[in-house]
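If you want the building blocks of each chain, they are given just below.
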Amino acid sequence: MTAPDSLTDPESLRTRALDALTTARERTALLTSCVEDPELTAQHSPLMSPLVWDLAHIGNQEELWLLREVAGREAMRPEIDGLYDAFEHPRAARPSLPLLPPAEARQYAAEVRGRALDVLESAAFQGTRLTEAGFAFGMIAQHEQQHDETMLITHQLRKGPAALTAPDPAPAPLFTGPAEVLVPEGPFVMGTSTEPWALDNERPAHRRMVPAFFIDTTPVTNAAYQAFIEDGGYGDRRWWTPEGWDHIRAHDIEAPLFWRREGGQWLRRRFGATEVVPPDEPVLHVCWYEADAYARWAGRRLPTEAEWEKAARHDPAADRSTRYPWGDADPTPEHANLGQRHLRPAPAGSYPAGQSPLGVRQLIGDVWEWTSSDLEPYPGFVAFPYREYSEVFFGPEYKVLRGGSFAVDPVACRGTFRNWDYPIRRQIFSGFRTARDAGPGSS
Ligand SMILES: [Fe+2]
């Protein structure tokens, strides 16, 4: 992969960092100003932190990395560090902490930001790995955007009327292209060593051999998923792993999270409103077990992480891996549904300008896509800037999700970006697509 000039030239990187930090803060402000203070301090679900915790945690991480680590400043409020250390306090315990009240949390985050922008103005972007190519600024912008996504999940879990609004994605004609795409056998370059703001788990670039496989052209839709439900998929043990079967039995799971059946049709709750489940939209809020069971019912399987990335990044004509399915250019609204521009996925088959060279659509944006893979380090992985970023999560407990959702900002979304979660998670903006072996002779 060749990095465009905008990723190597210091002044372009400074502008990129400023834009990324500003965009993130505008979104944080939106997510925390659309409800009254009591809603910021309340815990809307034991799965989530109070919104006011995320707000001050965003500021605290920014202070830690940009002011203390990069600029060598003293701690502004050392007494609060422990409160906002995600590893010290599980989410369920955070409401009982003596957290900064909303006005103080806002003030603290704003003060940190003011100083961080001063640091950015004169940053040299070289010297250490943290400052090289503005990595620390990119990391902090991504961190804030990731918490913005978490806060959006809290909004989805929150009871009560809608607090957020956004226009719907453009309607799309029913997708009538081929249901699946053949990705021929061969090696490709997975991961990156050149993307300046890529995180440790995306590195280094390495060659992977991938046998030929077919992958769905679009994510699995609500209509397709309903067929699985209507066919008794949730009651048929054959489709489920033993752990998945036990889990759905123990928790009475019979449909995606936020769905309910009424008068012969499926309704769903979405950001405070109830609506009929739209048939042509990618299915959302399913756990890994559900995605895996659906795939087996359909006579298919989930793609491996390497298959997903090859489908998303490998350009067969040039025999190289690109940053995104459409090439190396940063995402625009024509390419993908990203950045909370909409509060839902776009219909399956949308964004033809964002498709891969082989014609796979919506790999980036719309819904996070479960893969069959556990989160594992790439060969040559080095933890950076700290072990807790990725390394402590490696192993069979977590499944990898790829591609980003409508709730992910472009700064935290790349063809190489890896997300992970427990296979039971459903409140996240997760969907999936399926794959199958192509067999010898297909390539
Ligand atoms: Fe965090």
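You'll find the protein chain entered in an unreviewed UniProt entry as Hercynine oxygenase, with Streptomyces lutosisoli given as the organism. Here the protein chain is described in UniProt, under the heading Cofactor (unreviewed entry), as follows: "Fe(2+)". Database annotation for the protein chain, UniProt heading Function (unreviewed entry): "Catalyzes the oxidative sulfurization of hercynine (N-alpha,N-alpha,N-alpha-trimethyl-L-histidine) into hercynyl-gamma-L-glutamyl-L-cysteine sulfoxide, a step in the biosynthesis pathway of ergothioneine."

Attention now moves to the UniProt feature "domain: Sulfatase-modifying factor enzyme-like" (unreviewed entry) in the protein chain. UniProt feature "domain: Sulfatase-modifying factor enzyme-like" (unreviewed entry): in the numbering of this structure it lies at residues 177–436. Between the end C-alpha atoms of residues 177–436 the distance is 18 Å, and the span holds 14% helix and 23% strand.

Let's shift gears to the UniProt feature "binding site: gamma-L-glutamyl-L-cysteine" (unreviewed entry) in the protein chain. According to UniProt, the positions carrying the feature "binding site: gamma-L-glutamyl-L-cysteine" (unreviewed entry) are Arg91, Ala92, Ala93, Arg94, Asp421 and Arg425. If sequence neighbours within four positions are ignored, Arg91 has contacts with Leu47, Met48 and Ser49. Within the secondary structure, Asp421 is located in strand E12 (residues 418–421). In this structure Asp421 touches Tyr398, Lys399, Leu401 and Ile428, once residues within four positions along its chain are discounted.

Another aspect to go through is the packing of helix H1 (residues 10–33) against helix H5 (residues 135–157). Relative orientation of the contacting elements H1 and H5 amounts to 20°, with a least axis distance of 9 Å. Judged by the inter-axis angle, H1 sits roughly parallel to H5. When you trace H1 past H5, the crossing you get is left-handed. Only Phe137, Gly138, Ala141, Glu144, Gln145, Asp148, Met151, Leu152 and His155 of H5 make contact with H1, whose side of the interface consists of Ala17, Ala20, Leu21, Ala24, Arg27, Thr28 and Leu31. Here the residues of the contact of H1 with H5 are counted per class, giving 9 nonpolar, 4 polar and 3 charged.

What follows concerns the sheet that holds strand E13 (residues 430–431). Strands sit in the order E12-E11-E10-E13 across an open sheet of 4 strands; the sheet is mixed. In this open sheet, the two edge strands, each paired with only one partner strand, are E12 and E13. Where strand E10 (residues 368–375) lies against strand E11 (residues 395–402), 4 bridges are found, and the strand directions are antiparallel. Paired with Trp370 across the two strands is Leu401, which belongs to E11.

Let us look at the environment of Pro410. Summarising the element assignment, Pro410 is placed in the loop between E11 and E12. Taking the number of C-beta atoms within 10 Å as the measure of exposure, Pro410 has 20 and is therefore buried. Pro410 sits 73 residues away from Asn337 along the chain, and the two C-alpha atoms are 9.6 Å apart.

This part is about the nonpolar core. Within the largest apolar cluster, 92 residues are counted, with the highest numbers of intra-cluster contacts made by Val52, Ala56, Leu66, Ala136, Phe137, Ala141 and Ala291. When residues of this core are assigned to their parent elements, the largest contribution, 10 residues, is made by helix H3 (residues 51–70). Contacts of Val52, omitting those with residues within four sequence positions, involve Leu40, Thr41, Leu99, Pro102 and Ala105.

So, about the domain arrangement of the protein chain. The assigned domain composition of the protein chain is domain 1 (5–157) and domain 2 (167–443). Taking only C-alpha atoms into account, the centre of domain 1 sits 27 Å from that of domain 2. Contact with domain 1, which involves 23 residues of that partner, is made by 14 residues of domain 2. Residue composition of the side of domain 1 that touches domain 2, by class: 13 nonpolar, 7 polar and 3 charged.

Moving on: the packing of H3 against helix H4 (residues 102–122). Relative placement of two packed helices is described by the angle separating their axes and the distance separating the axes. One can describe the packing of H3 onto H4 by two numbers: an axis separation of 9 Å at closest approach and a directional angle of 25°. Between H3 and H4, the angle falls in the class roughly parallel. Handedness of the crossing formed by H3 with H4: left-handed. Where H3 abuts H4, its residues Val52, Leu55, Ala56, Ile58, Gly59, Glu62, Glu63, Leu66, Leu67 and Val70 lie against Pro102, Ala105, Arg106, Tyr108, Ala109, Val112, Arg113, Arg115, Ala116 and Val119.

Before going further, it helps to examine helix H9 (residues 305–313). Here H9 lies mainly inside the structure; 8 of its 9 residues are buried. Turning to H9, its buried residues are Glu305, Glu307, Trp308, Glu309, Lys310, Ala311, Ala312 and Arg313.

This part takes up the sheet that holds strand E14 (residues 435–437). Strand order in the open sheet formed by 3 strands is E1-E4-E14, with antiparallel pairing between adjacent strands. At either margin of the open sheet sits one strand with a lone partner, and together these are strand E1 (180–183) and E14. Taken pair by pair, the neighbouring strands of this sheet meet at an average axis angle of 20°, ignoring direction. In the sheet, E1 pairs with strand E4 (residues 213–216) via 4 bridges, with the strands oriented antiparallel. From the neighbouring strand, Val181 faces E4, where its bridge partner is Ile215.

The rules behind these values
Residues numbered from 1 in each chain as written. Predicted model: local features only at pLDDT ≥ 70, side-chain atom pairs only at ≥ 80, totals over all residues. UniProt positions renumbered as here; feature names shortened; annotations may be inferred. Helix = DSSP H or I, 4+ residues; strand = E, 2+ residues; numbered from the N terminus. Contact = placed C-beta atoms within 7 Å. Axes fitted to C-alpha atoms, helices over the stretch in contact; angles between N-to-C directions. Parallel < 35°, antiparallel > 145°, perpendicular 65-115°, else oblique. Left-handed = near helix turned anticlockwise from the far one by under 90°. Nonpolar A, V, L, I, M, F, W, Y, C, P; charged D, E, K, R; others polar. Pairing = 2+ DSSP bridges. Buried ≥ 20, exposed ≤ 12 C-beta atoms within 10 Å, placed from the backbone. Core = buried A, V, L, I, M, F, W, Y, C linked by C-beta atoms within 7 Å. Domains from an automatic or database assignment.

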